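In case you want the letters, here they are:
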Protein chains: 2
Amino acid sequence: MRPFFIHLDFTTGNLSPHDRTNIRKLSDMKGTFLDTKEELRILEKDDPVIYSFSEKVLPEENGHLQLATTFIRPGKIGDEYFMTKGHYHGRPDTSEAYLGLEGEGTLLMQTEKGDFEAFAIRLGVVAYIPPYWGHRMVNTGNTPFAFFAVYPGDAGHNYGDIERTGFVKILVERDGKPILIDNPRWKKG
Amino acid sequence: MRPFFIHLDFTTGNLSPHDRTNIRKLSDMKGTFLDTKEELRILEKDDPVIYSFSEKVLPEENGHLQLATTFIRPGKIGDEYFMTKGHYHGRPDTSEAYLGLEGEGTLLMQTEKGDFEAFAIRLGVVAYIPPYWGHRMVNTGNTPFAFFAVYPGDAGHNYGDIERTGFVKILVERDGKPILIDNPRWKKG
């Protein structure tokens, strides 16, 4: 394989060129938001895009890295902000580094035992997610939220465990501000 | 290990906080520049800093990542621009991703067999250096050149092979402009 370069736009988060863009609509995340009635009510008439991510296709092999930019739209389901599905890594002992670009968000992280951390992510913030920490990004602003991610080539994605347990805490709007509340549906892994 | 975050200044390249800054002076790179007579002449009266890099100290283990910013001063030894020593990875089948920040530079890459690539690196350029490609950064501008690097935790550094073989091509100034010329001292690995 030969070296290559791409451009990362710090304002929009656009990665150009990239090989693949994946779209996550509300119907792809059924049951993820706490207010399932509101989720269903919206899905009866619409299927909004919640987030998308653009990737370079690289070998899913140990020693390689993966490069991707994720864009989360602004919005809420009930009072819970738009967010990514969240995942552990398929190879759970692998890390990830995030770089905040456009907009404002919060990174939620947890272990299967229920240890929890949350960081505000803005332009220029680099977050390091160590091995065994599941991670989800939340758009807490009124504009698109974009961030760049680098992770090991063989990390893979485990969405199933988060689908099963949920996150320890969720981010909701109260009096116009984001606050973290305990997730009543959280199940220890 | 718990998650952490740091700030990356897109203008200066500063990574704050970081754990360690390593300084490379001309005396640390003896024999690296083509004009060894000029190298010695400068070292008789001075020992200029050529570059430095600031790192987060992270486990040197498979699954982790390493994060660092490198700053190359502007300048030349003879007509050859200031640059990093350059290295392969100690674990040669590992990649690296660079993100250009302040200033203007060129990334030189080569395999042990002598395949060669060079990319201009500016703010927002992400370069992917695949497994087995040695890499060196060169400051071709009149201001400091800074870039951010992410690489696998267990990649390690092999400086010895570049010290022994040199680079296939070197970057020199001709009529005020950077040009790549064949390195007369290059030895196939």
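Calculation notes
- Residues numbered from 1 in each chain as written.
- Chains lettered and ligands numbered in written order.
- Predicted model: local features only at pLDDT ≥ 70, side-chain atom pairs only at ≥ 80, totals over all residues.
- Heavy atoms only, no water.
- Buried < 20%, exposed > 50% of the residue type's maximum accessible area, 1.4 Å probe, protein only.
- Helix = DSSP H or I, 4+ residues; strand = E, 2+ residues; numbered from the N terminus.
- Arc of directions from axis to C-beta.
- Phe/Tyr/Trp six-rings, centres within 6.5 Å; stacked < 30°, edge-to-face > 60°.
- Lys NZ or Arg CZ within 6 Å of the ring centre and 35° of its normal.
- Pairing = 2+ DSSP bridges.
- Axes fitted to C-alpha atoms, helices over the stretch in contact; angles between N-to-C directions.
- Contact = heavy atoms within 4.5 Å.
- 1 Å grid on protein atoms, 1.4 Å probe; cavity = no way out; pocket = protein on both sides within 12 Å on 5 of 7 lines; lining within 4 Å.
- Points joined across faces, edges and corners; volume = space filled by probe spheres on them.
- Nonpolar A, V, L, I, M, F, W, Y, C, P; charged D, E, K, R; others polar.

Novice: Looking at this structure, I do not really get helix H1 (residues 36-45) of chain B. What am I missing?
Specialist: Note that an α-helix has 3.6 residues per turn; residues three or four places apart therefore point the same way. Residue and element names in this part refer to chain B. Inspection of H1 places Glu38, Glu39 and Ile42 among the buried residues, and these make up the whole buried set. Projected down its long axis, H1 shows its buried positions confined to an angular sector of 105°, all on one face. Opposite the buried face of H1, at more than 90 degrees from it, the exposed residues are Lys37 and Glu44.

Novice: I keep staring at the packing of aromatic side chains and nothing clicks. Help me out?
Specialist: Aromatic rings in a pair are described by how distant their centres are and how their planes are angled relative to each other. Residues and elements named next belong to chain A. Applying the stated criterion across every chain, the model contains eleven aromatic pairs over all chains. On the numbers, 5.5 Å between centres and 40° between planes, the contact of Phe145 with Phe147 is tilted. We note that Phe145, like Phe147, is buried. Looking at Lys85, its charged tip hangs above the ring of Tyr159, at a distance of 5.2 Å from the centre.

Novice: Could you clarify how one ought to interpret the sheet that holds strand S12 (residues 134-139) of chain A in this entry?
Specialist: Strand pairing in a sheet takes place through backbone hydrogen bonds and is either antiparallel or parallel in direction. All names here are of chain A. One open sheet accounts for three strands, arranged S10-S9-S12; its pairing is antiparallel. Either end of the sheet is taken by a strand with one partner, and the two such strands are strand S10 (116-121) and S12. Each neighbouring strand pair of the sheet contributes to a mean axis angle of 20°, computed without reference to strand direction. Looking at chain direction, strand S9 (residues 105-110) and S10 are connected through six bridges and run antiparallel. Bridge pairing in S10 links Leu108 to Ala118.

Novice: Before we go on, may I ask you to explain the environment of Lys177(B) in this structure?
Specialist: Residue and element names in this part refer to chain B. For Lys177, the position within the fold is in strand S15 (residues 177-182). Relative accessible area serves as the criterion here: at 57%, Lys177 is assigned to the exposed category. Residues Lys177 and Phe119, spaced 58 residues apart in sequence, show a C-alpha to C-alpha distance of 16 Å. Beyond its immediate stretch of four places on either side in the chain, Lys177 contacts Tyr81 and Val172.

Novice: Would you explain empty space enclosed by the protein in this entry?
Specialist: One water molecule sets the probe size; rolling that probe over the atoms shows where empty space is left. In this structure the tally under the stated criterion is five cavities of 30 Å³ or more. In this structure, the largest cavity occupies an estimated 220 Å³ of space. As for the largest cavity, its lining consists of 20 residues, of which Phe53(A), Thr70(A), His87(A), Tyr98(A) and His157(A) are closest to the centre. Of all the secondary-structure elements, those providing two or more residues to the lining of the largest cavity are strand S4 (49-55), strand S5 (65-72), strand S8 (96-100), S12 and strand S13 (145-152) of chain A. Taken as a whole, the second largest cavity holds about 120 Å³ of empty space. Taken together, 14 residues make up the lining of the second largest cavity; nearest its centre are Leu99(A), Phe148(A), Val150(A), Phe148(B) and Val150(B). Of all the elements in the fold, those that place two or more residues in the lining of the second largest cavity are S8 and S13 of chain A together with strand S8 (96-100) and strand S13 (145-152) of chain B. Counted by class, the lining of the second largest cavity contains 14 nonpolar, no polar and no charged residues.

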